[in-house]
Amino acid sequence: MYMKIYSKNIYTDEGKKSGVLEFNDKIIGIKDGDYDIDASDLLVIPGIIDTHNHGYGGYDLMDDDGDKDKEKTIRGYLDALVRCGVTGCLPTANESYFKDIAKIYKGTYSGARILGIHSEGPYLNRTGENGIKEEPLKIDLDHIKEMVQDGDGLLKLVGIAPELDGAFEVISYLKDKGIKVAMAHTDIDYKGALRSFDQGISIITHTANVMTGIHHRHMGALGAALLSDKVDNELIADGLHVSNEMIEIMFRVKEKAYDRFILVSDNIALAGMPKGKYHISDMDVEITDDGYLLTDTGRLFGSSMPVIKGMKNLHDNLKISIEDLIKMSSSNVARIYDLKGKGHIRRGYDSDIVIIDQDFNVIYTIIDGNIIYKA
């Protein structure tokens, strides 16, 4: 669809511009003249790319129910994501969904674009929150190979606890396949984390969450993640999973932080739902008044807030600029995962655009030049 949108706040690689953004399926440019949509005081930014998202609006990509219509669930999930400004994603799914995700990707579908698959695990070593410890699975390289096969070329990221026996062999195998590996749900120490980065780990799963933390005598996995220039860092920026004070410390410590962090949601199916008590994954879960998503043990269970809410938190409470928020929500992601034509409002790039108001409410989501969502 050919379209022209006027705004005084169009965020391009050259900075904020005022004018008429002209596009079809690709960005054509900014000019003066007539227009189709008056977004004068709204903000026009690149579409959000969420690389760590398990579900949204009741659609659950982690439910391994053999009788479930997985294709219907995936399509509903992709349609739901556009409500929060997500134009592209790496569905972070149970491996039983991989074949269906690949099938949908090859066909016609609506909603957010599938840009790959993210597997958070299954070989993790949850250190436990509120004193809960879970026994990790034993690594099976043949199983990893089956996951790659089921992904049919879409598997882009696998999270693993690098201290588990056999982890380095898995990291080497995935790296050779061109698949990125993340340090995830780990009890590893500082030196062990650095060794895993040398082996090939290049992403930190939801930095600071479910990993050994920083102590003034023991830097832990978090210290390694912040001091190393070999890894890029996911961040759940809602201010709940990581306090705003700690986020500020992380941004000050990490060299060129706004170029190395990726904003993610870690949303589960309950994201976008009203506060209250729910039952999911055979657990009682509550969305609290302040947005925490807690199990009946008090442990954090994914996230209820999309990336756009994290952007608002960083902007309002840490005074992060719109330009740096765009880096972390869009352009960094496109660079790190080699997503051609994504992550920028730039001539010749895909017309994946989000229009938000000054309070970070999503007004329009545009994908491939088409209005997919209008508030």
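This write-up is about the structure you can find in this document. (Residues numbered from 1 in each chain as written. Predicted model: local features only at pLDDT ≥ 70, side-chain atom pairs only at ≥ 80, totals over all residues. Heavy atoms only, no water.)

**Regarding the overall build of the chain**
And then number 1: Broken down by element type, the chain carries 10 helices and 22 strands.
And then number 2: A compact globule built from 375 residues should have a C-alpha radius of gyration of about 21 Å, and the chain, at 20 Å, falls within 12% of that.
And then number 3: Each principal axis of the C-alpha atoms in the chain carries an extent, and together these give about 65 × 50 × 45 Å.
And then number 4: By the burial criterion, 57% of the 375 residues in the chain qualify as buried.
And then number 5: Partitioning the intrachain contacts of the chain with sequence separation of at least 6 by distance along the chain shows that 67% fall at a separation of at least 24.
And then number 6: Here the chain displays about 16,000 Å² of accessible surface, and carbon together with sulfur accounts for 46% of that area.
And then number 7: A distance of 4 Å separates the average location of the 44 positive side-chain charges in the chain from that of its 60 negative side-chain charges. (Helix = DSSP H or I, 4+ residues; strand = E, 2+ residues; numbered from the N terminus. Rg over C-alpha atoms; globule rule 2.2 N^0.38 Å. Buried < 20%, exposed > 50% of the residue type's maximum accessible area, 1.4 Å probe, protein only. Contact = heavy atoms within 4.5 Å. Areas by Shrake-Rupley, 256 points an atom, 1.4 Å probe, with all protein chains shown as cover. Lys, Arg positive; Asp, Glu negative; His and termini not counted. Charge placed at Lys NZ, Arg CZ, Asp CG, Glu CD.)

**Considering the sheet that holds strand 6 (residues 48-53)**
Sheets are built from strands that pair by backbone hydrogen bonding, the pairs being arranged parallel or antiparallel.
And then number 1: Taken together, the three strands give an open sheet; going across it, the order is 6-9-10, and neighbouring strands pair in parallel fashion. If you trace the sheet from one side to the other, it starts and ends with strand 6 and strand 10 (113-114), each paired once.
And then number 2: Here strand 9 (residues 86-91) runs beside strand 10; their pairing, made up of two bridges, is parallel. Its bridge partner being in strand 10, Cys89 is matched across the sheet by Ile114. (Pairing = 2+ DSSP bridges.)

**What about helix 2 (residues 98-106)?**
And then number 1: Within the span of helix 2, buried status applies to Phe98, Ile101, Ala102 and Ile104. For helix 2, the buried positions fall inside an angular range of 165° around the axis, keeping them on one side. Opposite the packed face of helix 2, turned more than 90 degrees from it, sit the exposed residues Lys99, Lys103 and Lys106.
And then number 2: On its buried face, helix 2 is in contact with helix 1 (70-81), strand 9, strand 10, strand 11 (117-120), helix 3 (141-151) and strand 12 (155-160). (Arc of directions from axis to C-beta.)

**Re the sheet that holds strand 14 (residues 203-204)**
And then number 1: The parallel open sheet is built from six strands, whose spatial order is 11-12-13-14-15-16. At either margin of the open sheet sits one strand with a lone partner, and together these are strand 11 and strand 16 (261-264).
And then number 2: Where strand 13 (residues 180-183) meets strand 14, two bridges bridge the pair, whose relative direction is parallel. Of the residues in strand 14, the one forming a bridge with Met183 is Ile204.

**Quick word on the pattern of salt bridges**
And then number 1: Applying the stated criterion across every chain yields a total of 21 salt bridges.
And then number 2: Salt-bridge contacts for Asp350 lead to Lys342; the nearest nitrogen and oxygen are separated by 3.0 Å. This pair shows no difference in class: Asp350 is buried, exactly as Lys342 is.
And then number 3: A salt bridge links Asp352 to Lys342; its shortest N-O distance comes to 2.7 Å. (Salt bridge = Lys/Arg side-chain N within 4 Å of Asp/Glu carboxyl O.)

**Examining the environment of Arg335**
And then number 1: Counting through the fold element by element, Arg335 comes out in helix 10 (residues 322-336).
And then number 2: Residue Arg335 is classed as partly exposed on the basis of its relative accessible area of 47%.

**Details of the packing of helix 1 against helix 2**
And then number 1: Remark: helix 1 packs on helix 2, axes separated minimally by 9 Å, with the N-to-C direction vectors making an angle of 60°. Considered as vectors, helix 1 and helix 2 are oriented oblique to each other. Classified by chirality, the crossing of helix 2 by helix 1 is right-handed. Residues Lys70, Glu71, Ile74, Arg75 and Leu78 of helix 1 lie in contact with helix 2, whose contacting residues are Asp100, Ile101, Lys103 and Ile104.
And then number 2: Of the residues that constitute the contact of helix 1 with helix 2, the class distribution is four nonpolar, no polar and five charged. (Axes fitted to C-alpha atoms, helices over the stretch in contact; angles between N-to-C directions. Parallel < 35°, antiparallel > 145°, perpendicular 65-115°, else oblique. Left-handed = near helix turned anticlockwise from the far one by under 90°. Nonpolar A, V, L, I, M, F, W, Y, C, P; charged D, E, K, R; others polar.)

**Some points on unusual backbone geometry**
Only a minority of non-glycine residues have a phi that is not negative, and only a minority of peptide bonds are not trans.
And then number 1: Here the bond from Gly121 into Pro122 is cis, since omega is 20°, no more than 30 degrees from zero.
And then number 2: Inspection of the secondary structure assignment puts Pro122 in the loop between strand 11 and helix 3.
And then number 3: If you check the backbone angles, Asp152 has positive phi at about 50° while not being a glycine.
And then number 4: Note that Asp152 resides in the loop between helix 3 and strand 12.
And then number 5: Under the relative-accessibility criterion, Asp152 is labelled partly exposed at 42%.

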